[in-house]
Amino acid sequence: MIKNKHKLTKKTSKYQLTDRKSLIMGSLVAIAISISPYFFYLYESVPNQPIWDTFLFTYKSEFYNSASVAFWTITGKAIPLYFLTIWFFTCRHWWYHALLIPMTMYIYQLTNVLNDDLHYIDSFELKYFIPLMAIVIPSIYLIRAKIFNRINSVNKSTQELEDEMRIRPLTFIQKIKQYF
C-alpha cells in the first residue's frame, strides 16, 4: 500500500538525545550568554565621579579619576573572561585546555585594572604566562599526537577518537575538581 511507504519512522541518534538535565544546563548557558550585554552596560549606572558611594561599599577611583571609566575598563576585561569561562566549561573538544591561556591573561589584566596604583596595564604580562604555557602547550600537543597515532593505527574517524578522548564528568562539581 502507498500509505505505508510514506510512514515516518523514528530514528534515534546518540547526538540528538537530550535529557532533562542537559536541557536545563543548555538553557542556563543560553541565558548566561544572552544577558551578557546587560553586564557590559552596567558601567553606565556608575556615576562619572572619582568616588562612588553605595549602601554596600564605597569605591574611590584614584588612577582613572572616574568610577565610570574604571568600571568600563573592568567590564572590558571581565566580559571576555566571562565568555571564555563559559566556553571552557562547555567545550567538549580535546583542545579546550588551550583556553586557559587567554583566561589567565584576562585574569591578570583584571587584577591589574583593580590595582589603582598601576600605571601601565598591559605591559610585561607574558613572563607570567610562561609557566602556564609550558604545561598547556605540550599537553595539547601530546593529546593531538595520541589522536593522530590512533588514527594511523586504527580505522576510526576523527569524531570517534575525539569522543573517546573526551572527558565526561557526571556533575559540574566533578568537572571543576578535574581542573584543580
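This one's a predicted model, so the numbers in the text were calculated from it and none came from an experiment.

**Details of the overall build of the protein**
Broken down by element type, the protein carries 8 helices and 2 strands. Looking at the protein residue by residue over its 180 residues, the buried ones come to 24%. Considering only contacts in the protein between residues 6 or more positions apart, those separated by 24 or more positions represent 55%. Split by element, the accessible area of the protein, about 13,700 Å² in all, is 65% carbon and sulfur.

**Details of the UniProt feature "transmembrane region" (unreviewed entry) in the protein**
Look at the UniProt record and you will see "transmembrane region" (unreviewed entry) annotated at residues 21-43, 63-87, 94-114 and 126-143. For residues 21-43, helix accounts for 83% and strand for 0%, while the C-alpha atoms at its two ends are 34 Å apart. Secondary structure across residues 94-114 comprises 71% helix and 0% strand; the distance between its end C-alpha atoms is 33 Å.

**Quick notes on the nonpolar core**
One finds Trp-52, Tyr-59, Ala-67, Phe-88 and Met-103 to be the most contacted residues of the largest nonpolar core, which totals 16 residues. Looking at this core, the elements with two or more residues in it are α4 (67-90) and α5 (100-114). Here the element with the most residues in this core is α4; it accounts for 6 residues. Apart from the residues within four sequence positions on either side, Met-103 is in contact with Leu-81, Leu-84, Thr-85 and Phe-88. Counting 5 residues, the second largest nonpolar core, distinct from the first, contains Ile-101, Val-136, Ile-140 and Ile-147.

**With respect to α4**
With 24 residues, α4 ought to run about 34 Å at 1.5 Å a step, and its terminal C-alpha atoms sit 34 Å apart, in line with that. All of the buried residues along α4 are Ala-67, Ser-68, Ala-70, Thr-73, Ile-74, Thr-75, Lys-77, Ile-79, Leu-81, Leu-84, Ile-86 and Phe-88.

So, how was this worked out
Residues numbered from 1 in each chain as written. Predicted model: local features only at pLDDT ≥ 70, side-chain atom pairs only at ≥ 80, totals over all residues. Heavy atoms only, no water. Helix = DSSP H or I, 4+ residues; strand = E, 2+ residues; numbered from the N terminus. Buried < 20%, exposed > 50% of the residue type's maximum accessible area, 1.4 Å probe, protein only. Contact = heavy atoms within 4.5 Å. Areas by Shrake-Rupley, 256 points an atom, 1.4 Å probe, with all protein chains shown as cover. UniProt positions renumbered as here; feature names shortened; annotations may be inferred. Core = buried A, V, L, I, M, F, W, Y, C linked by side-chain atoms within 4.5 Å. Expected span 1.5 Å × (residues − 1).

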